[in-house]
Amino acid sequence: MAFEGLAERLQGTLQKIKGKGKISEADVKEMMREVRYALLEADVNLKVVKEFVKNVSDRAVGQDVMKSLTPGQQVVKIVKDELTELMGGEQSQISFSTRPPTVIMMVGLQGAGKTTTTGKLANVLRKKYNKKPLLVAADIYRPAAVQQLQTIGKQLSLPVFALGTDISPVEIVKQAIEQAKEEHHDVVIIDTAGRLHIDETLMQELKDIRAIKEPDEVFLVVDAMTGQDAVNVANNFNEAIGITGVVLTKLDGDTRGGAALSIRSVTQKPIKFVGMGEKMDALEPFHPERMASRILGMGDMMSLIEKAQANVDEERAKELEEKFRTQSFTFDDFLEQIGQVKQMGPLDEILKMLPGAGKIKGLENAKVDEKQMDRVEAIIYSMTTQEKTTPEILNGPRKKRIAKGSGTSIQDINRLLKQFEDMKKMMKQMTNMQQKGKKKMKMPGLDSLFK
Ligand SMILES: Nc1nc2c(ncn2[C@@H]2O[C@H](COP(=O)(O)OP(=O)(O)OP(=O)(O)O)[C@@H](O)[C@H]2O)c(=O)[nH]1
Ligand SMILES: [Mg+2]
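Please read these numbers as outputs of a predicted model, since none were measured by experiment.

1. A closer look at the site of ligand 1
(1) Moving on: Around ligand 1, the structure places 20 residues, and the nearest of them are Lys 114, Thr 115, Thr 116, Arg 142 and Glu 278.
(2) Moving on: Between ligand 1 and Gly 113, the relevant distance is 2.9 Å, taken from an oxygen atom to a main-chain nitrogen or oxygen of the residue.
(3) Moving on: Lys 120 places a polar side-chain atom, nitrogen or oxygen, 3.4 Å from an oxygen atom of ligand 1.
(4) Moving on: If ligand 1 stood free it would expose 650 Å²; the protein chains cover 82% of that surface.
(5) Moving on: Considering each element in turn, the shell around ligand 1 owes the most residues, four residues, to helix H6 (residues 114-129).
(6) Moving on: Of the residues belonging to the shell around ligand 1, the class tally is three nonpolar, 10 polar and seven charged.

2. A closer look at the nonpolar core
(1) Moving on: Among the nonpolar cores identified, the biggest contains 75 residues, and Leu 6, Leu 83, Ile 190, Phe 237, Leu 248, Leu 261 and Ile 295 are the most heavily contacted of them.
(2) Moving on: Per-domain counts for this core show at least three residues from each of domain 1 (4-86) and domain 2 (102-298).
(3) Moving on: Discounting residues that sit within four places of it in the chain, Leu 248 has contacts with Val 222, Ala 224, Ala 259, Ala 260, Ile 263, Ile 271, Phe 273, Val 274 and Gly 275.
(4) Moving on: Counting 23 residues, the second-largest nonpolar core is a separate cluster that includes Met 106, Leu 125, Leu 135 and Met 280.

3. Let's talk about empty space enclosed by the protein
(1) Moving on: Applying the stated rule across the entire model yields two cavities of 30 Å³ or more.
(2) Moving on: Here the largest cavity is characterised by a volume of approximately 40 Å³.
(3) Moving on: What lines the largest cavity is Gln 372, Arg 375, Val 376, Ile 379, Asp 412, Arg 415, Leu 416 and Gln 419.
(4) Moving on: Breaking the lining of the largest cavity down by element, the ones donating at least two residues are helix H17 (370-381) and helix H20 (410-436).
(5) Moving on: Partitioning the lining of the largest cavity into residue classes produces three nonpolar, two polar and three charged.
(6) Moving on: If you go around the second largest cavity, the residues you meet are Met 87, Gly 88, Glu 90, Gln 91, Ser 92, Arg 264, Pro 270, Ile 271, Phe 286 and Pro 288.

What counts as what
Residues numbered from 1 in each chain as written. Chains lettered and ligands numbered in written order. Predicted model: local features only at pLDDT ≥ 70, side-chain atom pairs only at ≥ 80, totals over all residues. Heavy atoms only, no water. Near = heavy atom within 4 Å. Polar contact = N/O pair within 3.5 Å; in protein donor to acceptor, adjacent residues only side chain to side chain. Areas by Shrake-Rupley, 256 points an atom, 1.4 Å probe, with all protein chains shown as cover. Helix = DSSP H or I, 4+ residues; strand = E, 2+ residues; numbered from the N terminus. Nonpolar A, V, L, I, M, F, W, Y, C, P; charged D, E, K, R; others polar. Core = buried A, V, L, I, M, F, W, Y, C linked by side-chain atoms within 4.5 Å. Buried < 20%, exposed > 50% of the residue type's maximum accessible area, 1.4 Å probe, protein only. Domains from an automatic or database assignment. Contact = heavy atoms within 4.5 Å. 1 Å grid on protein atoms, 1.4 Å probe; cavity = no way out; pocket = protein on both sides within 12 Å on 5 of 7 lines; lining within 4 Å. Points joined across faces, edges and corners; volume = space filled by probe spheres on them.

This is the structure in structure tokens:
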């Protein structure tokens, strides 16, 4: 999981100051020393760290904070605001040309993820922006690079423009743009060649491609795992050819986070997307505020909700909500919910988006027991219709029968029943909360899914 060390350290530091009713300058100083250390450890650029620490300190020792009733919480908020600002503040949009086709150029070092991201981006443009993209294979140097893009195109059922490897990239791009006009493709995404290091020949080639039709976006693709190097690469590319934004790939890996935190403030170019895996749907728009929130353990409810919405039939969701409210939620509905949760992706990733999820026992190591879910499913499948709707009738003999049918034990069944009751209670709380507003939300039963 990315940012693990940083998140842990920052959360630990902020936890100490959060509850304080009174804060002295010395407290802020002490806290900022730890924050500074955490950022450096995460491989954040030194200049960026210094500025961040200064900004937070200046604001934190201000009169209005020190004198407020909840100075600790104010400081936490300042840290979050500054962290958001550091990563670019607002989420940035894609620029589309008013005279199609929009041209997007993908550049970067070898293996950064250009070709993969070309496919992922085309997929996003088609799905979310209703565009009709044309992918262009302009890497004629690496063996099989053209073929790699063609395979991706096939997988996504998107057209790929290729002329083999004997024609120059400049000529390929020229013809591709012509074809896009003829066939009414409104976006052209150019997959260019990578190099091990930034060299003059590569830069010249990229400039020549740039000169054909001024691209609307030049996205630099960088590997988040390379930390400070990613920042240097971004700087160099920006100075040499000018970039409009950054796509930070492999954020699903074990990165310390330095690149995500430094790139914007060093290059003044926004991170537009982040790569979260090898699959074609693993590209997400970059939201600085949500990322800050995630790093500080405040959860990322927005992304969670969006993820859920993408997988849930809205009509059905309304029906379920109604069932929660009227307390007529059955084991069949429960089963359906489990199915939906499974569709959303790896459970541990999802749960990390919940506020405070880091503090649920057993979750720190993200060992979600998906087998336990299978067991739950097996138990429910072994119930009769009547048992599913009125679990109160589950007596000893019935439980024994179900245990046998599902290959589980009576304890497993009791645990599930308790969990089901807890879940109903939680849903009741949540619906009450929606009506009344405040009241703290508790999530009983959630940890029984983990070991
Ligand atoms: N885990 C993970 N892997 C990624 C991500 N993006 C790309 N990859 C993997 O990184 C490797 C290199 O990706 P490519 O898209 O071929 O990289 P490239 O920049 O086109 O490489 P060259 O064409 O050789 O310069 C592949 O194995 C991808 O599957 C990501 O966001 N997460
Ligand atoms: Mg490539």
